[in-house]
Amino acid sequence: FCGTDVVKDEPTNNVPDLIFTKLGLQLHRRDNHPLGILKNAIYEYFDSNYNNQFLKFDDLCPIVTTKQNFDDVLVPADHVSRSYNDTYYIDAETVLRCHTSAHQAELLRKGYTNFLVTGDVYRRDSIDSTHYPVFHQMEGVRVFSPNDWKDSGMDGTSYAADDLKASLEGLARHLFGAVEMRWVDTYFPFTNPSFELEIYFQEKWLEVLGCGVMEQEILKRGGKTDNVAWAFGLGLERLAMVLFDIPDIRLFWSTDKRFTSQFTKGQLGIKFKPFSKYPPCYKDMSFWINDSFTENNLCEIVRGVAGDLAEEVQLIDNFTNKKGMTSHCYRITYRSMERSLTDEEINELQWNVRDQVQSQMNVELR
């Protein structure tokens, strides 16, 4: 962990205790953890196909400035991701990075031209089996100079886009075998053109990563005016859940030997065997919402009380009455990955959630 004092009593700070406990754990640096195994498999691909040209960074501090996280990658000032509803702020100028792209500009300025950045990233998010407020990303960047494309008969952008697609199709085959793939045009603030790669895996199309040709403005700010570059970003959990058959994102954080002992350094795609399925417990909660209500804030409160015992928060009903007041009913699923929960335990959690929702969100419980 990078030693920066993380301020807790700063009025703009919205980082809950649960998130503080995750800082510095760096699951992606554990060689026998699914995320570390996947990271190393991607390294292997780039090392062998690009002659060890890609420099690797996997311990850059997750505490970054709003400039690094947003401005340096051209995220517009009014973009939704800048809101306190979506991002964890340590103070008004400092955040927990939402993506590994937060380091792109700085590494370009330092003169790096081929690099991979892996790290833990943080976003306020919903609660379900595929979303967690901390997850891990890998970013790849490759910079070309005019000499690289001058004999190709293409302009720099087309050359970079072709190289990017060939490179990432190779990576997908390295990880998933001989799968069918397709490219989908998309939009990102920091690349143009931008693409998503999808593969056909286990009878369905799966989005593997987002990528594109880097916006010239980012290169220009990094002192590279004549260059063209590509960049990609992928979520390690998303791919690891598919490759290792891991059904719930909370399992990545498990210290239970029944989970951790199933994985071995260097062995990609060992299929996870569930050690037991404990029963879920459902609790419903209805309240009249106000103008400032957001689902992310509700999920933060549930996580703050129940931690990883909260499996899902789902809106199951909403209606507006004649006075124009709107009511939401949420179903909270509690379940431990490791043991059966008792009624007393769940009831206490639920009462606590109700209290906190009422006092912190100023909603009227029904």
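Source: prediction; values computed, not measured.

## A short note on the pattern of salt bridges
What the rule picks out here adds up to 18 salt bridges. One salt bridge connects aspartate 58 with arginine 29, and the closest N-O pair in it is separated by 3.2 Å. Residue aspartate 58 is found in the loop between strand S1 (55–57) and strand S2 (63–65), and its partner arginine 29 is found in the loop between helix H1 (17–20) and helix H2 (34–49); the two are separated by 29 residues along the sequence. A salt bridge links arginine 82 to aspartate 71; the shortest N-O distance between them is 2.6 Å. With arginine 82 in the loop between helix H3 (66–69) and strand S3 (89–91) and aspartate 71 in the loop between H3 and S3, this residue pair connects regions lying 11 residues apart in the sequence. Residue classification places arginine 82 among the buried residues on the basis of a relative accessible area of 16%. Classification of aspartate 71 by relative accessible area gives partly exposed; the value is 33%. By sharing partners, the salt bridges in this structure join Asp248, Arg250, Glu311 and Arg335 into a single network.

## Observations regarding the UniProt feature "domain: FDX-ACB" (unreviewed entry) in the protein chain
Following the UniProt record, the feature "domain: FDX-ACB" (unreviewed entry) maps to residues 276–366 here. Taken as a whole, residues 276–366 contains 34% helix and 33% strand, while its terminal C-alpha atoms sit 36 Å from one another.

## Quick look at the UniProt feature "domain: Aminoacyl-transfer RNA synthetases class-II family profile" (unreviewed entry) in the protein chain
In this numbering, the UniProt entry assigns the feature "domain: Aminoacyl-transfer RNA synthetases class-II family profile" (unreviewed entry) to residues 119–274. Annotated as residues 119–274, this span is 28% helix and 35% strand, and its ends, taken at the C-alpha atoms, are 27 Å apart.

## Brief notes about the packing of aromatic side chains
Here a ring pair, both rings aromatic, is described through the centre-centre distance and the interplanar angle of the planes. Taken as a whole and assessed by the stated rule, the structure comprises 23 aromatic pairs. When the centroid spacing of 5.7 Å and the interplanar angle of 25° are considered together, the rings of phenylalanine 46 and tyrosine 50 count as stacked. Each member of the pair, phenylalanine 46 as well as tyrosine 50, carries the same accessibility label: buried. With 5.9 Å between their ring centres and 10° between their planes, phenylalanine 46 and phenylalanine 232 make a pair best called stacked. One end of the pair, phenylalanine 46, is in helix H2; the other, phenylalanine 232, is in strand S10 (residues 228–235), and 186 residues separate them in sequence. A residue is classified by how much of its surface remains accessible, and phenylalanine 46, at 0% relative accessible area, is buried. An aromatic cluster of at least three residues, connected via ring pairs, comprises Tyr45, Phe46, Tyr50, Phe54, Trp230 and Phe232. The cationic tip of arginine 182 hangs over the ring face of tryptophan 205; the distance from NZ or CZ to the ring centre is 4.0 Å. The aromatic ring of tryptophan 288 is capped on one face by arginine 366, whose charged end is 5.0 Å from the ring centroid.

Calculation criteria
- Residues numbered from 1 in each chain as written.
- Predicted model: local features only at pLDDT ≥ 70, side-chain atom pairs only at ≥ 80, totals over all residues.
- Heavy atoms only, no water.
- Salt bridge = Lys/Arg side-chain N within 4 Å of Asp/Glu carboxyl O.
- Helix = DSSP H or I, 4+ residues; strand = E, 2+ residues; numbered from the N terminus.
- Buried < 20%, exposed > 50% of the residue type's maximum accessible area, 1.4 Å probe, protein only.
- UniProt positions renumbered as here; feature names shortened; annotations may be inferred.
- Phe/Tyr/Trp six-rings, centres within 6.5 Å; stacked < 30°, edge-to-face > 60°.
- Lys NZ or Arg CZ within 6 Å of the ring centre and 35° of its normal.

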